[in-house]
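Understanding the architecture of this molecule
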Amino acid sequence: MSESSQAIAADRDDADIAALKARIRKAAEAVRERTPMAQSFTNFVTINLVANAQLAAGGAAAMSFLPDDVIDTATMSGADYINVGTLLPFYKDALPKIARAFHKTGHKWVLDPVAAGIGSTRTEILRAFRAAPPTIVRGNASEIIALATMWGLVSPDDATRPAGVESVDEVEAAVEPAKALARFLAASAPDGEAAVAVSGKADLVTDGETVYRLPGGSAMMAKITGAGCSLGGVTAVCLAVTDPLTAALAATALYDRAGEAAEQVSNGPGSFQVAFLDALWNTTPDQIASSEILTV
Ligand SMILES: Nc1ncnc2c1ncn2[C@@H]1O[C@H](COP(=O)(O)OP(=O)(O)OP(=O)(O)O)[C@@H](O)[C@H]1O
Ligand SMILES: Cc1ncsc1CCO
Ligand SMILES: [Mg+2]
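Calculation notes
Residues numbered from 1 in each chain as written. Chains lettered and ligands numbered in written order. Predicted model: local features only at pLDDT ≥ 70, side-chain atom pairs only at ≥ 80, totals over all residues. Heavy atoms only, no water. UniProt positions renumbered as here; feature names shortened; annotations may be inferred. Helix = DSSP H or I, 4+ residues; strand = E, 2+ residues; numbered from the N terminus. Contact = heavy atoms within 4.5 Å. Near = heavy atom within 4 Å. Polar contact = N/O pair within 3.5 Å; in protein donor to acceptor, adjacent residues only side chain to side chain. Areas by Shrake-Rupley, 256 points an atom, 1.4 Å probe, with all protein chains shown as cover. Nonpolar A, V, L, I, M, F, W, Y, C, P; charged D, E, K, R; others polar.

Mapped onto the present numbering, the UniProt feature "binding site: substrate" (unreviewed entry) falls at Met63 and Gly226. Within the fold, methionine 63 resides in strand β2 (residues 60–63). Aside from chain neighbours lying at most four places away, what touches methionine 63 is Ser40, Thr42, Ile47, Val50, Ala51 and Gln54. Residue position: glycine 226 is located in the loop between β8 (211–214) and α8 (227–239).

Before going further, it helps to spend a moment on the site of ligand 1. Near ligand 1 lie 20 residues; those nearest to it are Arg138, Ser199, Asp203, Gly228 and Cys229. Between ligand 1 and glycine 200 there is a distance of 3.2 Å, counted from an oxygen atom to a backbone nitrogen or oxygen. At 2.9 Å from an oxygen atom of ligand 1 is found a main-chain nitrogen or oxygen belonging to glycine 228. Against a free-state accessible area of 630 Å², the protein chains account for coverage of 89% of ligand 1. Breaking the shell around ligand 1 down by element, the ones donating at least two residues are β5 (136–140), α8 and α9 (244–265). Ranked by the residues each element gives to the shell around ligand 1, the list is headed by α8, at 4 residues. Residues of the shell around ligand 1, tallied by class, amount to 8 nonpolar, 8 polar and 4 charged.

Here it is, written out as structure tokens:
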């Protein structure tokens with residue numbers, strides 16, 4: 001590329017990021033104004049943190065494990081959240097049933113594929129979601145790699161090993177799987193829009209075309225359980241008011257800023273979790289929208 005075309009491309013990138021930040025600000029303001037409800041079918045370990053984080057971020061929460069409850073309430077829920085962290089045998093029927101109902105009506109939902117790759121029940125459930133996919137997948141790097149591999153979107157390599165609930169891969173290793181996953185989700189979405197968010201030291205969000213990187217956060221976020229699970233729930237709150245890419249970016253940026261603020265005023269995991277909820281509450285749409293977003 002010549003120097004002048006490089007400069008034109010850089011200007012276009014700057015304009016795209018500015019437009020995206022305007023959408024993020026509008027979404028963050030809409031969450032505060034409208035208190036959108038995002039219903040969750042989530043794991044037992046972190047269910048309380050998920051609900052509290054959704055409230056602190058400006059949304060409303062409702063938890064259920066009954067397909068009829070979840071499917072009926074979807075009409076009141078701006079977007080749903082499904083997290084497969086702790087599974088029971090009946091989920092094998094319940095979760096695909098819920099996903100199919102959402103698919104039929106075009107209801108938007110966020111999936112956290114916790115521990116993707118571990119156990120035949122979890123694998124069966126995650127495989128079933130391929131035919132009725134979510135709008136956003138949010139996970140750590142290992143989970144994103146495992147899900148994209150399971151769905152046949154990237155070729156298997158040694159990264160298909162079970163990952164547990166903690167990531168054993170760097171965010172960078174998940175770039176191509178995340179893009180492939182986002183393109184697959186977009187192709188299945190009624191309006192052609194979807195996103196994938198990969199959390200870690202530096203977070204990554206993609207719509208399948210562009211890869212956005214969001215630096216920041218706090219290492220203490222990995223020392224409490226459920227920073228990732230609750231980020232999924234807050235992403236669903238944002239998805240209730242905006243498009244998938246903007247929702248994933250807004251929630252990710254909010255978590256990075258809130259993590260930094262909480263680290264400043266806490267002195268261990270217990271006080272960090274409390275300070276983190278306060279920080280979710282106190283982080284402004286302006287701070288969220290001013291977050292650094294890189295496309296290189
Ligand atoms: N080392 C780190 N530095 C900065 N931020 C981090 C770090 N590790 C995690 N985070 C942040 O913590 C949040 C959760 O990410 P993480 O990758 O730990 O999710 P997870 O593994 O799914 O968590 P869990 O399953 O416990 O809910 C994200 O907002 C991410 O940016
Ligand atoms: C610790 C743990 N085990 C199953 S789900 C969960 C929460 C973090 O993913
Ligand atoms: Mg997780």
